[in-house]
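Results of the structural survey
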Amino acid sequence: GSHEDPHRKGNPELPLLQRINSIELNAPVQVDLISQTKNNTDAQTRKIAIDFDNTHEAYKSKDNIELLRSLLVFKLCTFDFLVDKNKELMDLSKKVFGKWLFERLMKMTFYGQFVAGEDHNSIKPLIHKNQAFGVGSVLDYSVEEDLTQEEAEKKEMDSCVSEAEKESPGVDRREKKYKAHRQFGDRRGGVVSARTYFYADEAKCDAQMETFLNCIKASGGASVDGFSAVKMTALGRPQFLLQFSEVLVKWRRFFNLLAAQQGKSGMDALEQKLELEQLKVRIAWSNTQSRNVTESAIFIMFPRTIDLLDWNSLINDRTKISNLLVIPNVETGQLEPLLRKFTVEEEKQMKRMLQRVDVLAKHAVDNGVRLMVDAEQTYFQPAISRLTLEMQRIFNREKPIIFNTYQCYLKEAYDNVSVDVELSRREGWYFGAKLVRGAYMYQERSRAKEIGYEDPINPDYEATNRMYHKCLEFVLEEIDHNRKANVMVASHNEDTVKFTLEKMNEMGLSPTEKKVYFGQLLGMCDQISFPLGQAGFPVYKYVPYGPVNEVIPYLSRRALENRGFMKGSQRERSLLWKELKRRLLNGQILYKPVY
């Protein structure tokens, strides 16, 4: 992490393969902090301290009814029976009360607490109110199909298996991690708070793109500096994400293998540099008769495959995407296609996914909105990150428009962040990251164990915490050096927020520079969001919206997620009580927020 590393200066004379900018390398995880505290006397004088116990500030924007609703909902989230059976209980109450009354009840409780409204018009008052108290919005249309587990599994298997595999299963050299498995076909299992999309057909993806476009327009219309959240699995056939991820991971492994042969294993991702001469020999040895052919093929293929073409030529109609899905055969040194054949339809589906992403990015630019690409499962994530990176290279030239999400519960999180930051520095675009701990832990763990590959998740919460702080510190140092990086600290953990404020103080990084944002979910952790907003920090709520009935699946998981959160944190409830008592003692029984 020292700043004197020559490779962090973007040295133009680096050998060709040092342009492995796209490969998120798999070095071992060393989770130690790279603290370099500075004696910045300027900074000492303008230190910002925030009191997260100040309930007056935290709940200023809420009337007493809203405080009571929060208390009720948080209390209900602590009852195991209610949480475990929430789906059945909601179905039952819908039958008993009828649709209208059921929706009223939901709006008075869970829906009212965690969801902003039914459509992009009805959410505007809430967005404007939060903004008046210094809190921005990341709009997130949270409608989810209510599928049975069987329907979900069927859709997943249909959309993740290619024609070639259907015809002759087991012929292609696909890895089990990057293939669909029926027992994990329902991607909603063991997931907290994230929406799940299942592929039906291309028309459905177009409809989902339209929804995201409306969301972008709503963000642009509702505030000056809004964000809009999108999910790649909503925009195309997931088979492509699986295949593309496998290709990226195999190239990364090939790189690691070559690095190991040159005596460079066990280094940090950015330290591994391959000697090109040795590499040529390595690739060409397998084919001495046609050595020239192999060499020229490698010169064409390596930059293309490793840099995976730039975004525009990726969606260029003349490029066959299946030509990019090639992997190095370690035994022969030859490049081989991942699948024996791609149908014309599969080729088109891959293209359309990229085109939809492109359309969204262009709309975001036109509407002055930033696009937050959510993270998903590890078997999709390399492709999602890679596509997001390609968008950043194009659209983040003037300012950060596209933000990638890094899950810090992954063992490779630090490598991913550091390699991407380095690429942005060399190429001179604005790096944008949202750091989260991660939402798919239980599912990822059981899938890895069941199917038999290495668990990608850090061993425990502490290791994840250290990883989060290590990644965060790395990006903060990058901001300190080069004002082009931006980070959203998306965390409900008060210690992480305090850690960030401390680092900002040490670096003399002022909140008004708007390089470091904070993010929390709507209806949760107001004692963190609002005091930050009042103090002038850019802070955002993730704002889900959508019709009551269609947001229920999302809400039902939110209840499950909050159970752990609410049991562990009596704190939020005690602060809410404290503020209610304070108001009653001050005679503010009819308190109304003023803005």
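Rules behind the numbers
Residues numbered from 1 in each chain as written. Predicted model: local features only at pLDDT ≥ 70, side-chain atom pairs only at ≥ 80, totals over all residues. Heavy atoms only, no water. UniProt positions renumbered as here; feature names shortened; annotations may be inferred. Buried < 20%, exposed > 50% of the residue type's maximum accessible area, 1.4 Å probe, protein only. Helix = DSSP H or I, 4+ residues; strand = E, 2+ residues; numbered from the N terminus. Patch = residues over 30% accessible without salt bridge, like charges linked within 9 Å, V, L, I, M, F, W, Y side chains within 5 Å. Areas by Shrake-Rupley, 256 points an atom, 1.4 Å probe, with all protein chains shown as cover. Salt bridge = Lys/Arg side-chain N within 4 Å of Asp/Glu carboxyl O. Pairing = 2+ DSSP bridges. Axes fitted to C-alpha atoms, helices over the stretch in contact; angles between N-to-C directions. Contact = heavy atoms within 4.5 Å. Phe/Tyr/Trp six-rings, centres within 6.5 Å; stacked < 30°, edge-to-face > 60°. Lys NZ or Arg CZ within 6 Å of the ring centre and 35° of its normal.

In the nomenclature of an unreviewed UniProt entry, the chain corresponds to Proline dehydrogenase from the organism Salmo trutta. Of the chain, the UniProt comment under Function (unreviewed entry) reads exactly: "Converts proline to delta-1-pyrroline-5-carboxylate."

Moving on, we get to helix α22 (residues 526–534). For α22, the tally of buried residues reaches eight of nine residues, placing the bulk of the element in the interior. Backbone geometry just downstream of α22 places G536 in the positive-phi region, at approximately 95°.

A word on the environment of K351. Considering the arrangement of structural elements, one finds K351 in helix α16 (residues 344–367). The spatial distance from the C-alpha of K351 to the C-alpha of F240 is 9.7 Å, given a sequence separation of 111 residues.

What follows concerns a nonpolar patch on the surface. On the surface, a cluster of nonpolar side chains totalling about 620 Å² of accessible area is made up of L92, V96, F97, W100, L101 and L105. Mapped onto the elements, V96 comes out in helix α5 (residues 86–108).

With that settled, the discussion passes to the sheet that holds strand β9 (residues 516–521). Consider a sheet: its strands pair through backbone hydrogen bonds, and that pairing is either parallel or antiparallel. Pairing is parallel around the closed barrel formed by eight strands, whose spatial order is β1-β2-β5-β6-β7-β8-β9-β10. Recorded for the sheet is a direction-independent mean angle of 30° between the axes of neighbouring strands. Of the strand pairs in this sheet, β9 and strand β10 (residues 539–545) are connected by four bridges, and their pairing is parallel. Pairing of G519 across the sheet is with Y540, part of β10. On top of the sheet, helix α18 (residues 413–427) reaches β6 (402–407) and β7 (432–436); it is set at about 155° to β6, its chief contact.

Attention shifts here to unusual backbone geometry. Of note, K514 is a non-glycine position whose phi angle comes to about 55°, a positive value. Along the polypeptide, K514 turns up in the loop between α21 (494–507) and β9.

It is worth spelling out the packing of aromatic side chains at this point. Considering all chains together, one arrives at 12 aromatic pairs under this definition. Residues F403 and Y517 carry aromatic rings whose centres are separated by 5.9 Å and whose planes lie at 55° to one another, so their mutual orientation is tilted. Of this pair, F403 sits in strand β6 while Y517 sits in strand β9, and the two are 114 residues apart along the sequence. Here the two residues F403 and Y517 agree in accessibility, since each one is buried. When the ring of F518 is compared with that of F537, the centres are 5.8 Å apart and the planes differ by 75°; the resulting orientation is edge-to-face. On the criterion of sequence distance, the pair formed by F518 in strand β9 and F537 in the loop between α22 and β10 is long-range, its members being 19 residues apart. Judged by its relative accessible area of 5%, F537 is buried. The cationic tip of R437 hangs over the ring face of Y468; the distance from NZ or CZ to the ring centre is 4.5 Å.

This next bit is on the pairing of strand β2 (residues 227–230). Of the two faces of β2, the one holding F227 and A229 and the one holding S228 and V230 are both buried throughout. As judged from the two bridges shared by strand β1 (residues 135–141) and β2, these two strands associate in the parallel manner. Looking at the pairing, V138 lines up with F227 of β2.

Another point: the pattern of salt bridges. Considering all chains together, one arrives at 29 salt bridges under this definition. Note that E427 and R393 form a salt bridge whose closest N and O atoms lie 2.8 Å from each other. Placement of the pair is E427 in helix α18 and R393 in helix α17 (residues 381–395), with a sequence separation of 34 residues. A residue is classified by how much of its surface remains accessible, and E427, at 25% relative accessible area, is partly exposed. The partner of E422 in a salt bridge is R426, with the nearest N and O atoms 2.6 Å apart. Taken as a pair, E422 and R426 lie in helix α18 at a separation of four residues, close to a single helical turn. A relative accessible area of 3% means that E422 is categorised as buried.

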